[in-house]
Amino acid sequence: MRIEYFQLIDRITELNLSELTIRAEATVPTTSTIFEGHFPGRPLMPGVLLIESMAQASGWLIIAHTKFERMPFLAALKEVKLRTFVTPGQVLAVAAKLAHDGSGFAVTEAEIRADNKLVCNATITFRVVDFPKGEFLANMHEVATRIGLPMEADTHG
Amino acid sequence: MSSTFDTVANIIAETCDIPRDTIKLESHAIDDLGIDSLDFLDIAFAIDKAFGIKLPLEQWTQEVNDGKASTEQYFVLQNLSARIDDLVAAKGK
C-alpha cells in the first residue's frame, strides 16, 4: 500500500471481465504515521481504509470493464461489516464483483480476506462518469500499469 | 401500468422510507417526494433489478439539462411507470 498517497491496492492478481470480478493484493505497511495515532501502542488499520481498499479494487474493475472510458466515484455504502482487526504487515486479499452496471452508476459486492479469513465486506455504489481526460487519465494509466491491471479481457494473473 | 406503478411505489417507499399511501401516480419523485439524486440511484438499482431493464438515467438527465425534456416527463411516477413499460416491451422484441 502507498498509504500516504491513498493508493491502497498493490497488485491486481486476477481480472475476469466475463464474470466481472477482480482480485487484488494489498499489504498493510509495517510503519506509518497513521499507526502512531491509531492507536499508540496498539496499531490498527483504520476501518475506513479497509472500506477504501474495497472501493479501490471495485473501482479498478469498473475502469477495466469500461476500458478507461468511465471513471467511478464512491457514492454510497451499504451492509458494511468490519469483522476483525487488521494490523501492520498483514497481506490482504481484496475481491470485488460488479453486481449491477446501471446508467451513470454501478454497484459492487466487495470483501477483504486475510489468511483466508473474512475481514470485512460491503455493498458499494459508485457514480460513474466519463473519464476525465488529460493528466488525470495519464495518471490513472500510470497507476494501472504499476499495479498490473491487465488491459485485455479475461486475463488471469 | 398499474402493477408497474405499484412496484415502483413500493420500491420508493422501502428505499426512501416514505409512507406508501403518500406516493401517487401524479407524484413527482423529486419535487413532491423530495428524493435526491443519490437516493434515486438506489431506486434505479431496484427498478433495474425488478424489471430486468436499465433505466437510461444519463440520457434523461442530459435531455433535461439540454432543455429537450422536462423532469415531469421522466420523474412523475405515472410517466416513469410508462417509460418502464416501454423499456420492458422493447426488451421483449
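Rules used throughout
Residues numbered from 1 in each chain as written. Chains lettered and ligands numbered in written order. Predicted model: local features only at pLDDT ≥ 70, side-chain atom pairs only at ≥ 80, totals over all residues. Helix = DSSP H or I, 4+ residues; strand = E, 2+ residues; numbered from the N terminus. Rg over C-alpha atoms; globule rule 2.2 N^0.38 Å. Buried ≥ 20, exposed ≤ 12 C-beta atoms within 10 Å, placed from the backbone. Contact = placed C-beta atoms within 7 Å. Core = buried A, V, L, I, M, F, W, Y, C linked by C-beta atoms within 7 Å.

Trainee: An account of the overall build of chain A is needed here, citing residue identities and associated values.
Mentor: The helix and strand inventory of chain A stands at three helices and seven strands. Of the regular secondary structure in chain A, the N- to C-terminal order runs β-β-α-α-β-β-β-β-α-β. Computed over C-alpha atoms, the radius of gyration of chain A comes to 15 Å, within 12% of the 15 Å expected from 2.2 N^0.38 for 157 residues, which places it in the range of a compact globule. Along the three orthogonal principal directions, the C-alpha set of chain A runs to about 45 × 30 × 30 Å. Expressed as a percentage of its 157 residues, the buried residues of chain A come to 31%. Contacts in chain A between residues far apart in sequence, at least 24 positions, make up 68% of those at least 6 positions apart.

Trainee: Break down the overall build of chain B for me, with residues and values.
Mentor: For chain B, the helix and strand inventory stands at five helices and zero strands. N-terminal to C-terminal, the α/β element order of chain B is α-α-α-α-α. The globule rule puts the C-alpha radius of gyration for 93 residues at 12 Å, and the 12 Å found for chain B is close to it. Expressed as lengths along the three principal axes of its C-alpha atoms, the size of chain B is roughly 35 × 30 × 20 Å. Counting only residues that meet the buried cut, chain B has 25% of its 93 residues in that class. Partitioning the contacts of chain B with sequence separation of at least 6, the portion at a separation of at least 24 is 59%.

Trainee: Tell me about the nonpolar core, and please be specific about residues and values.
Mentor: Grouped together as the largest cluster of nonpolar side chains are 55 residues, with contacts concentrated most on Ile9(A), Ile22(A), Met54(A), Ala57(A), Trp60(A), Val94(A) and Leu80(B). With nine residues, the single largest contributor to this core is helix H2 (residues 47–65) of chain A. With residues near it in sequence (within four places) discarded, Val94(A) still touches Ile9(A), Ala24(A), Ala26(A), Ser53(A), Met54(A), Ala57(A) and Ile112(A).

Trainee: Account for the environment of Phe85(A), naming residues and giving values.
Mentor: Residues and elements named next belong to chain A. Here Phe85 lies in the loop between strand S3 (70–82) and strand S4 (91–101). Look at Phe85 and you get partly exposed, because 13 C-beta atoms sit within 10 Å. Separated by 30 residues in the primary sequence, Phe85 and Ala55 place their C-alpha atoms 19 Å from one another.

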